[in-house]
Amino acid sequence: MTRALLRGPALALLLAPLPAAATSCRAITVEGVGYTLCEADAARDDIRLFLNDPASDAPLGSFSNINRVLKPQGKRLAFAMNAGMYHADRSPVGLFIEDRRERAPLITSAGPGNFGMLPNGVFCISETGAHVIEAHRFAQLSPACRFATQSGPMLVIDGALHPRFLADSDSLHIRNGVGTSTDGRRVWFLISDAPVNFHRFARVFRDHLGAPQALYFDGKVSRLHAPGLNRSDLGFPLGPMVGVVVDAGDALD
């Protein structure tokens, strides 16, 4: 992957030290729009993807169910959000790997909807870090992912916005996604507080966070669990979810 050419505040933010806490969520405002940003360090934090209950193999569907599964282990979610598109039965639309087990295969062909707006990509969590990788590049590299989820479209590809995004698009939704640093250590999870178009949402990753790669997770159903902010969004059952796992006794960030 090539490093995007970054200047000014974006470069300073990318090179700034990571927060001391295991993960942190905070409100930010970019171009007059509010967002909630959660950051994680892939070299230190326990970032996982969740889909099915390990006991019943039934879809977990909610943040509370993830915490239910984690509680006997003395663990809990520091934060979580939905992490990819899914069918009516909550099965993933594209590639999904859960604890090294492939639940659904990679899709590299164009198709309907946002998922099929190529290029799309994969968020891969491996032993060496976390990366957003364009789907065709992922197929060539075949990285060893402990967890992976495919979604689309890509928001930022090697420092450039997706070529189909329009600055004046009137397609506005609450949106969420993930961006990663080139070294695979820094991970930015972002959800908008108000409806935005793709172009504006992607610009937050590229211009304000300095993420050279970023991937769209979803819109309309986008939800966040951030107990440190006294927030846990409710709604219809979800498919894939991503979260940072911490000891149950850890302080809220």
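Placed above this text is the structure.
So, here's what we can say about the structure. This structure is a prediction, so every number in the text was calculated from the model and none was measured.

## Some words on the sheet that holds strand β17 (residues 241–247)
Whether parallel or antiparallel, the strands of a sheet pair through hydrogen bonds between backbone atoms. Here five strands make up an open sheet; going across it, the order is β3-β17-β4-β15-β16 and the pairing antiparallel. Of all strands in the sheet, those with a lone pairing partner are β3 (46–50) and β16 (231–232), marking the two edges. The pairing of strand β4 (residues 75–82) with β17 spans seven bridges and is classified as antiparallel. Paired with K75 across the strands is D247, a residue of β17.

## Topic: the sheet that holds strand β7 (residues 121–126)
Taking strand neighbours across the sheet as the criterion, the five strands line up as β6-β5-β9-β7-β8 in an open arrangement whose pairing is antiparallel. Where the open sheet ends on each side, the last strands, each with one partner, are β6 (101–104) and β8 (129–134). This sheet shows a mean twist of 20° between the axes of neighbouring strands, independent of strand direction. Bridge count for strand β5 (residues 96–98) against β6 is three bridges, and the pairing is antiparallel. Residue pairing for β6: F96 is matched across the bridge by A104.

## Focus on the state of the cysteines
Using the criterion set out here, one finds two disulfides in the structure. The disulfide bridge from C25 ends at C38, spanning 2.0 Å between sulfur atoms. For the disulfide bridge between C25 and C38, the dihedral angle about the S-S bond is near 110°, and by the sign convention the bridge is right-handed. Remark: C38 occurs in strand β2 (residues 33–41) and C25 occurs in strand β1 (residues 23–30); sequence separation between them is 13 residues. By relative accessible area, C25 is classed as buried at 14%. Across the chain, the way the bonded cysteines pair up, counted in sequence order, is 1-2, 3-4.

## Let's talk about the environment of A226
Here A226 is to be found in strand β15 (residues 224–226). A C-alpha to C-alpha distance of 9.8 Å links A226 and G243, two positions 17 residues apart in sequence. Once residues lying within four places of it in the same chain are set aside, the contact partners of A226 are C25 and R231.

How each quantity is defined
- Residues numbered from 1 in each chain as written.
- Predicted model: local features only at pLDDT ≥ 70, side-chain atom pairs only at ≥ 80, totals over all residues.
- Heavy atoms only, no water.
- Pairing = 2+ DSSP bridges.
- Helix = DSSP H or I, 4+ residues; strand = E, 2+ residues; numbered from the N terminus.
- Axes fitted to C-alpha atoms, helices over the stretch in contact; angles between N-to-C directions.
- Disulfide = S-S within 2.5 Å.
- Buried < 20%, exposed > 50% of the residue type's maximum accessible area, 1.4 Å probe, protein only.
- Contact = heavy atoms within 4.5 Å.

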